[in-house]
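# A structural walkthrough
This is what each chain is made of:
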Amino acid sequence: MKIPYQKITMPLTLMVILSAASLCEAQDVLAVGKARQFLDSTSTAKYVMGIVHMGAELRQYECVGIVGVVDSSGAKIPGEFALVYDYVWMANGRGDTRLLFLCDRNGNIEDVQVRSSTGVLQAPYLVSNGTIQVVGQVLLEAFRKEMSPQEQREVESLVRNADSEGLLEMGLGFRQAMGIR
């Protein structure tokens, strides 16, 4: 018995499309898992709090969601996602901060955004921006051997501009790339 060509192509096409969708979903799951494994470590959480709320004591943290990332026109960027984390900290009373960690399709952290915080005297980045010269020099020295001359210039620029948020993002990138959790 001979099966007509048209009857085979439709199911095969559908199988290829579904397989590709499954591979994309599997890639997304792996990327989310990679980012979560990094951000869920206590060491990374303390590192984040050490810059966002320098001097505050980290009490707890947890991932509370995953959201898609959109471009400036509102279109979803395929494969990119943001992990939403809540941090509870103490510094002259309890504080709560919600951060978004924007990740690329491979689970690499590209950006950190503050979504909310109860900190007033301990507002996000306030203390670290005030002491950026010291923090920046420590960060620069800690990673100098692993950085290219271009990366060293970028860090030096961030230090000069008192950009602790940029230093946090760059530091997370280095730690993630080197497997430091």
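Residues numbered from 1 in each chain as written. Predicted model: local features only at pLDDT ≥ 70, side-chain atom pairs only at ≥ 80, totals over all residues. Heavy atoms only, no water.

### Regarding the overall build of the protein
- Regarding its fold elements, the protein presents six helices and four strands.
- Its helices and strands in sequence order give the protein the pattern α-α-β-β-β-β-α-α-α-α, from N to C terminus.
- Within the protein, the proportion of its 181 residues that are buried is 35%.
- Accessible surface, the protein: about 10600 Å² in total, of which carbon and sulfur atoms supply 58%. (Helix = DSSP H or I, 4+ residues; strand = E, 2+ residues; numbered from the N terminus. Buried < 20%, exposed > 50% of the residue type's maximum accessible area, 1.4 Å probe, protein only. Areas by Shrake-Rupley, 256 points an atom, 1.4 Å probe, with all protein chains shown as cover.)

### Here we look at the packing of aromatic side chains
- On inspection of all chains with the given rule, the structure shows four aromatic pairs.
- Residues Y61 and Y87 carry aromatic rings whose centres are separated by 6.1 Å and whose planes lie at 20 degrees to one another, so their mutual orientation is stacked. Of this pair, Y61 sits in strand β1 (residues 57-70) while Y87 sits in strand β2 (residues 76-90); the two residues are 26 residues apart in sequence, bridging distant segments of the chain.
- An aromatic cluster of three or more residues is present, and its members are Y61, Y85, Y87 and F101.
- The positively charged end of R175 is found above the aromatic ring belonging to Y47, 4.5 Å away from the centroid. (Phe/Tyr/Trp six-rings, centres within 6.5 Å; stacked < 30°, edge-to-face > 60°. Lys NZ or Arg CZ within 6 Å of the ring centre and 35° of its normal.)

### A closer look at the packing of helix α2 (residues 42-52) against helix α6 (residues 164-178)
- Between α2 and α6, the least distance of the axes is 10 Å, while the angle of their chain directions is 165 degrees. By the angle between their axes, α2 is roughly antiparallel relative to α6. Read as a crossing pair, α2 and α6 show a hand that is right-handed. Together, S43, T44, Y47, V48, I51 and V52 of α2 and S164, L167, L168, G171, L172 and R175 of α6 make up the contact between the two elements.
- For the contact of α2 with α6, the class distribution of residues is seven nonpolar, four polar and one charged. (Axes fitted to C-alpha atoms, helices over the stretch in contact; angles between N-to-C directions. Parallel < 35°, antiparallel > 145°, perpendicular 65-115°, else oblique. Left-handed = near helix turned anticlockwise from the far one by under 90°. Contact = heavy atoms within 4.5 Å. Nonpolar A, V, L, I, M, F, W, Y, C, P; charged D, E, K, R; others polar.)

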